[in-house]
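# Reading the structure
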Amino acid sequence: MTRIVIIGGGPAGYEAALVAAQLGAEVTVIERDGLGGASVLTDCVPSKTLIAAAGTMTSVRDSAVLGLRGADVSTVALDLGTVNRRVKGLAMAQSADIRERLLGEGVRIVAGTARLSDEIRGLAEHRVEVIGSDGAAGETLECDVVLIATGADPRVLAGAEPDGERILDWRDVYDLDEMPEHLVVVGSGVTGAEFASGYLEAGVPVTLVSSRDQVLPGEDSDAAAVVEEVFKARGGRIAERGRAASVTRTEKGVRVDLTDGRTVEGSHALMTVGTVPNTAGLNLEQCGVAVSESGHVVVDRVSRTSVSGIYAAGDVTGVFQLASVAAMQGRIAMWHALGEAVTPIRLKTVAANVFTHPEIATVGVQEKSLPEGVPLDVVRLPLATNARAKMSDLRDGFVKLFARQATGVVVGGVVVAPGASELILPIALAVTKGLTVSDLAHTFAIYPSLSGSITEAGRRLMGADALA
Ligand SMILES: Cc1cc2nc3c(=O)[nH]c(=O)nc-3n(C[C@H](O)[C@H](O)[C@H](O)COP(=O)(O)OP(=O)(O)OC[C@H]3O[C@@H](n4cnc5c(N)ncnc54)[C@H](O)[C@@H]3O)c2cc1C
Ligand SMILES: NC(=O)c1ccc[n+]([C@@H]2O[C@H](COP(=O)([O-])OP(=O)(O)OC[C@H]3O[C@@H](n4cnc5c(N)ncnc54)[C@H](O)[C@@H]3O)[C@@H](O)[C@H]2O)c1
């Protein structure tokens, strides 16, 4: 029986464990903090739960235009204590579900911090040591395959170290007793944009310190522009092209000093300036596991590292930091290690979503990464032209579709809308399966529905389908 040790119990680790157990391997997961990993306990699940509450509050507040009346519709507010308890409760419950599922599949779970301890390089067998929470060395496991799935932690900016009270990282916010009076969010990547949008929706005045010309520099520019406009229209402020040099406590709150001499004051600062891969203490160098300049473990498309029998998956590899990608990398590693037929990961088919208001969902080819001169047809349909959107008073957003000029094959898309995370699936399916604009155009969409804009976008591009 193949003996597999998985270091880290986040989406990369636990999904890999499920596949390996299903294939009959002897599986041990070593986890430091709790099953589900940062994804379930502190990052993805908690932030989306907070955003769900804030978004509902905004929907209620905005509903007067639909004809809703009631004394307090425009003044409803969030009870932070209830929200925080719900966030933590859901995270713990999901973590318990994952634990249960793994135990049910016969996976052994060991609490502790793991490190590789191969004494000689190049052997077919590997060794993993467990350190208990008291720092004492525990058991050493011998195995045929190791999966490194240790994730990433918040990057700390020197001079702006979180103190858990006023200077926060995104894992601290669920311990606040009161809503910030004025939140300064430093960093306008996906994490910063989501929290800035979420807190603004929750009624908190927010200033977003954005070091770039536009927030969400990695996203479609039209999409980022819509999110920025909506944020400003709701009263959010953006310190454009502002790079934080330091964050300090003041009598009333915090002061963020920018590198160009400007300052931004607020009651709290939320640091969202990126992540660092969790590789410290793993003994990677000693075991010959190659890491990149950024500190990520180098892997190929079937999650192999530079050492035979040692695989890596998830945020520690820096390949698209998404729970869905982490999980797929983990599964692929196990299929490969256990001799199953395996398709290397196809990053061009990854769907991603930014949970701002409105949401931005993307899949496949994007305008920003398109090499010059590639013959693609593009259509962009504003949400405001969609009948269902008009009924719900949704004005901000669009559907964008990219298709190959010669064949009409759909190669990418962007949806900007409330619930874009649900609407992107037909485009993701088209990109994954090589469907054409004509396939989309001939698909029945419900009338009226937001997804009708996707089939309509297909019809607009049908002229490009020369082979139809
Ligand atoms: C605020 C925020 C929101 C996000 N929202 C989304 C989202 O909506 N959708 C999405 O797809 N992605 C989202 N992400 C990204 C997603 O959370 C990550 O891509 C995902 O957590 C990666 O999974 P992982 O298994 O690689 O690592 P993790 O989830 O970080 O799990 C790694 C685990 O390994 C453990 N560990 C580390 N070192 C050791 C060791 N030496 N020994 C034992 N255990 C160890 C850690 O304790 C941790 O539990 C978000 C990220 C952030 C920061
Ligand atoms: N919905 C989701 O799927 C989701 C949500 C959150 C995060 N994530 C993923 O997690 C990863 C990390 O995202 P992130 O947003 O935390 O990090 P990031 O690295 O993507 O963005 C950090 C931003 O902070 C800026 N920055 C750095 N130093 C700064 C300074 N001193 N002052 C001002 N700005 C500064 C950077 O220019 C960058 O734009 C990403 O891959 C992201 O896709 C995904």
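Residues numbered from 1 in each chain as written. Chains lettered and ligands numbered in written order. Predicted model: local features only at pLDDT ≥ 70, side-chain atom pairs only at ≥ 80, totals over all residues. Heavy atoms only, no water.

## Topic: the overall build of the chain
As a reminder, the rule being used: Each helix is a run of H or I in the DSSP string that is no shorter than four residues. Each strand is a run of E no shorter than two, and both are numbered from the N terminus. Throughout, radius of gyration means the C-alpha value; the globule benchmark is 2.2 Å times the number of residues raised to the power 0.38. Summary of the burial criterion: residues with accessible area below 20% of their type's maximum are buried, those above 50% are exposed, and those between are partly exposed, where the area comes from a 1.4 Å probe applied to protein chains only. Contact definition: two residues touch when any of their heavy atoms are within 4.5 Å. All accessibility values rest on the Shrake-Rupley procedure with a 1.4 Å probe; residue burial counts only the protein chains present in the view. Neither His nor the chain ends contribute to the count of charged residues, in which Lys and Arg are positive and Asp and Glu negative. A single reference atom marks each charge: NZ on Lys, CZ on Arg, CG on Asp, CD on Glu.
A count of helices and strands for the chain gives 13 helices and 23 strands. Against the compact-globule benchmark of 23 Å for 468 residues, the chain has a radius of gyration of 24 Å, which places it among compact chains. Seen through its principal axes, the chain has C-alpha atoms that stretch 70 × 65 × 45 Å. Burial status across the chain gives 50% buried among its 468 residues. Partitioning the contacts of the chain with sequence separation of at least 6, the portion at a separation of at least 24 is 61%. Surface summary for the chain: the accessible area is close to 21500 Å², and the carbon and sulfur share equals 51%. With 42 positive and 57 negative side-chain charges, the chain shows a spacing of 5 Å between the two charge centroids.

## Describing the site of ligand 2
For the record, the criterion: If a single non-hydrogen atom of a residue is within 4 Å of a molecule or strand, that residue counts as near it. By the criterion applied in these results, polar contacts are pairs of N or O atoms within 3.5 Å in which, for protein atoms, one can donate a hydrogen and the other can accept it, and in which residues neighboring in sequence qualify only through two side-chain atoms. When residues are grouped by polarity, Ala, Val, Leu, Ile, Met, Phe, Trp, Tyr, Cys and Pro land in nonpolar, Asp, Glu, Lys and Arg in charged, and all others, Gly among them, in polar.
Close to ligand 2 lie 22 residues, the nearest being Thr191, Glu194, Ser211, Ala244 and Asn353. Take Val190: an N or O atom from its main chain is 3.1 Å from an oxygen atom of ligand 2. At 2.7 Å, a side-chain N or O of Glu194 approaches a nitrogen atom of ligand 2. Burial of ligand 2 by the protein chains amounts to 79% of its free accessible area of 840 Å². Of the residues contributing to the shell around ligand 2, the split by class is 8 nonpolar, 9 polar and 5 charged.

## Some details on the UniProt feature "domain: Pyridine nucleotide-disulphide oxidoreductase dimerisation" (unreviewed entry) in the chain
To be explicit about the condition: UniProt positions are given in the numbering used here, feature names are shortened, and annotations may be inferred rather than shown by experiment.
Under the present numbering, the feature "domain: Pyridine nucleotide-disulphide oxidoreductase dimerisation" (unreviewed entry) in UniProt falls on residues 351-457. Its end C-alpha atoms 18 Å apart, residues 351-457 is made of 27% helix and 30% strand.

## Brief notes about the sheet that holds strand β9 (residues 167-169)
Definition in use: Two strands pair under a simple rule: DSSP has to find at least two bridges between them. Between N-to-C directions, angles cover 0 to 180 degrees, with each direction set by a line fitted to C-alpha atoms, over the stretch in contact for helices.
Read from one edge to the other, the open sheet built from 5 strands follows the order β9-β16-β10-β11-β12, with strand pairing classed as parallel. Each edge of the open sheet carries a strand with a single partner, namely β9 and β12 (237-240). Going across the sheet, the axis of each strand differs from the next one's by a mean of 25°, ignoring polarity. Bridging between strand β10 (residues 183-186) and strand β11 (residues 206-210) involves 4 bridges; their strand directions are parallel. What sits directly across from Leu183, in β11, is Val206.

## Things to note about the layout of surface pockets
Unfilled space is identified by rolling a water-sized probe across the atoms. To keep it simple, the criterion reads: A cavity, in this analysis, means grid points on a 1 Å lattice covering only the protein atoms where a 1.4 Å probe fits yet has no way out; a pocket is instead an open set bounded by protein on both sides within 12 Å along at least five of seven lines, and a residue lines either one if it has an atom within 4 Å of a point. Grid points are joined across faces, edges and corners, and a volume is the space filled by probe spheres set on the points.
Each pocket or cavity is described by its volume, and for the second largest pocket that value is around 660 Å³. Taken together, 27 residues line the second largest pocket, and the ones lying closest to its centre are Asp62, Arg234, His357, Leu394 and Pro418. Every element with two or more residues in the lining of the second largest pocket is listed here: α3 (44-61) and α6 (221-233). With 5 residues, the single largest contributor to the lining of the second largest pocket is α3. Here the lining of the second largest pocket is composed, by residue class, of 11 nonpolar, 7 polar and 9 charged.

## Notes on the confidence of the model for the chain
Going by this rule: Residue-level confidence of the predictor, termed pLDDT, takes values from 0 up to 100.
In the predicted model, the chain carries a mean pLDDT of 95, and the fraction of residues at 70 or more is 99%. Two numbers describe this predicted complex: its pTM, 0.97, and its ipTM, 0.99.

## Description of the packing of aromatic side chains
Here the distance between the centres and the angle between the planes together describe a pair of aromatic rings. Test applied: Pairing of aromatic rings covers Phe, Tyr and Trp, the last through its six-membered ring, and needs centres within 6.5 Å; plane angles under 30 degrees mean stacked, over 60 mean edge-to-face, and all others mean tilted. Counted as over-ring charges are cases with an Arg CZ or a Lys NZ within 6 Å of the ring centre that also lie within 35 degrees of the ring normal.
Per the counting criterion, the structure on display carries 1 aromatic pair. Look at Phe195 and Tyr199: their rings are 6.4 Å apart centre to centre, the planes differ by 25°, and that puts the pair in the stacked class. Taken together, the positions of Phe195 and Tyr199, both in helix α5 (residues 190-201) and 4 residues apart, correspond to about one turn of that helix. Residues Phe195 and Tyr199 agree in their burial class; the two are buried. The ring of Phe398 has Arg380 sitting right over it, with the charged end atom 4.4 Å from the ring centre.

## Some details on the side chain of Thr349
Inspection of the secondary structure puts Thr349 in the loop between α8 (323-337) and β19 (351-354). For Thr349, a relative accessible area of 19% corresponds to the buried category. At 2.8 Å, the side chain of Thr349 and the backbone oxygen of Arg346 are in polar contact. Discounting residues that sit within four places of it in the chain, Thr349 has contacts with Val363, Val431 and Thr432.

## Remarks on the sheet that holds strand β4 (residues 113-116)
Ordered in space as β4-β5-β6, the 3 strands form an open sheet in which the pairing is antiparallel. Two strands in the sheet have a free side with no partner beyond their single neighbour: β4 and β6 (137-143). This sheet shows a mean twist of 25° between the axes of neighbouring strands, independent of strand direction.

## Some words on the nonpolar core
What counts, and what does not: We define the nonpolar core as a collection of buried residues of types Ala, Val, Leu, Ile, Met, Phe, Trp, Tyr and Cys that are connected through side-chain atoms lying within 4.5 Å of one another.
In this structure, Phe195, Tyr199, Val206, Leu216, Leu270 and Ile360 are the most contacted members of the largest nonpolar core, which totals 39 residues. Of all the elements, α6 adds the most residues to this core, at 6 residues. Once residues within four sequence positions are removed from consideration, Leu270 is found in contact with Leu168, Asp169, Trp170, Val173, Leu183, Val184, Val185, Val186 and Phe195. If you look at the next biggest cluster of nonpolar residues, it comprises 29 residues, including Ile4, Ala16, Val45 and Val107.

## What to know about the pattern of salt bridges
Rules: A carboxyl oxygen of Asp or Glu within 4 Å of a side-chain nitrogen of Lys or Arg is what we treat as a salt bridge.
A full pass over the atoms with the stated rule returns 29 salt bridges. When the shortest N-O distance is used, the salt bridge between Glu125 and Arg3 registers 2.9 Å. Placement of the pair is Glu125 in the loop between β4 and β5 (126-131) and Arg3 in strand β1 (residues 3-7), with a sequence separation of 122 residues. Glu125 sits in the partly exposed class, given a relative accessible area of 36%. Of the charged contacts, one joins Arg3 and Asp144 as a salt bridge, the two residues approaching to 3.0 Å between their closest N and O atoms. Of the two residues, Arg3 is situated in strand β1 and Asp144 in the loop between β6 and β7 (145-148); the sequence distance between them amounts to 141 residues.

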